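Report on the structure
Below, each chain spelled out in residue letters.
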Amino acid sequence: MTSNGARPDEEPSQGNPGPTPQLGMRSGPSPIPGSQINVTITDLSGTGNAASVLKDVQNFFTSDGVKNLVICLGHHQITEHPLSGVPPSPAVFSSVANEAVHSPSSATDPSAATNECTGFPTGFFRIRAAGSNHYYHYWSPNFFETYEDGNSLCLWTLNHQGDKESQVFFINSRGNLCCGQNGAEIDVLGSAVILTHNRPRTQPWPNPWPHPLPAFSYSPKTNFITVKFSIDPVPSDRWPRPEKEWKGKEYVLAARSAEDTRVPKFESIARWAPLVPRIERRWTNRAGYEVPHYYKLAVEERPYNLLAQDLNRLKWEIEPV
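Rules used in this analysis
Residues numbered from 1 in each chain as written. Predicted model: local features only at pLDDT ≥ 70, side-chain atom pairs only at ≥ 80, totals over all residues. Heavy atoms only, no water. Helix = DSSP H or I, 4+ residues; strand = E, 2+ residues; numbered from the N terminus. Buried < 20%, exposed > 50% of the residue type's maximum accessible area, 1.4 Å probe, protein only. Salt bridge = Lys/Arg side-chain N within 4 Å of Asp/Glu carboxyl O.

Things to note about unusual backbone geometry
Glycine aside, residues mostly have negative phi angles, and peptide bonds mostly take the trans form. Cis geometry is adopted by the peptide bond preceding Pro204, which originates at Gln203 and carries an omega value of -5°. Take Pro204: it is sitting in the loop between β7 (192–196) and β8 (215–218). The residue after Trp239, namely Pro240, is reached through a cis peptide bond having omega -10°. As for its placement among the helices and strands, Pro240 is situated in the loop between β9 (225–228) and β10 (251–255). Here Asn223, not a glycine, exhibits a phi torsion of approximately 65°, which is positive. Assignment of secondary structure puts Asn223 in the loop between β8 and β9. Judged by its relative accessible area of 15%, Asn223 falls in the buried class. Of note, the phi angle at Arg256 is positive, near 50°, even though the residue is not glycine. Position of Arg256 among the secondary structure elements: in the loop between β10 and α3 (266–269). Look at Arg256 and you get buried, because its relative accessible area is 17%.

Okay, here's the thing in structure tokens:
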């Protein structure tokens, strides 16, 4: 019996409304001008970023002008480890990568904050080249290295003996495509598909170091994987290029591409990186390495007239794990 005399499985009557729903706030009168609002920030990741977040909140409320506040309520989905069937290590969930927050810049797309990867299954899966004689070529980190920023993805035979998790992928709670090895998210730099880890924001934001991640979409009908960018993906002295050179174009993932997939060395993007000691050690030591054409995975602008050989290179099969 509950305290009001009704059983837990009974519907409360109009005269017996039942327990009052709790919304995570203390009950009391509505705030009035000059009243105080208490904000509590719980740093579940243990990164120590709560103080900076609280400062941003304080600056927001104390600034002049009209306030536009959006509150999102949600939870992270806990999934099982792709191989052992147990929850993955905390490293998977602590990989909070580039923030998809709209910034008033000509280099950004206003819809960047809502971009999500679509068409992929829930849970863990592999991505295999299809439509060619490379039936056993899977998306794989170069030399199976996943702990350094910027290492590129290539195509390789499924590794039955070694580190299988690096050839497994999933969509995380932010809608980003990730590697199953340690939760590193998938980014694009130039034409190369790369791994990216947690990066602090630098100004002007966004830039080639921290930025909203591209949205990958898989079509089971065409077997194509397309990519949508919210910023110019090519780092150069001209960055950002005029929008007509990249924005609004349709990009696809391709095998055996003629594109240059060499990851630039850290010096090429250092001007956007934070000024902290030894930050360059986070960058891949495979920078400048050219993957052989037979194993190359790249982002290409979709051709207007698709030839048979193009179709064979652009098709992918998704294998749930």
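A word on the pattern of salt bridges
Going through the model one piece at a time under the given rule, you end up with 15 salt bridges. In this structure, the salt-bridge partner of Arg199 is Asp149, at a minimum N-O distance of 3.1 Å. Here Asp149 lies in the loop between β2 (137–141) and β3 (153–157) and Arg199 lies in the loop between β7 and β8, a separation of 50 residues in the sequence. For Arg199, a relative accessible area of 5% puts it in the buried group. A residue is classified by how much of its surface remains accessible, and Asp149, at 2% relative accessible area, is buried. Between Arg313 and Asp310 there is a salt bridge, with its nearest N and O atoms 3.4 Å apart. You can see Arg313 and its partner Asp310 sitting in helix α4 (residues 308–314), 3 residues apart, about one turn around the helix. By relative accessible area, Asp310 is classed as buried at 14%. Three or more residues joined by partner-sharing salt bridges are found here, namely Asp260, Arg262, Glu290 and Lys296.

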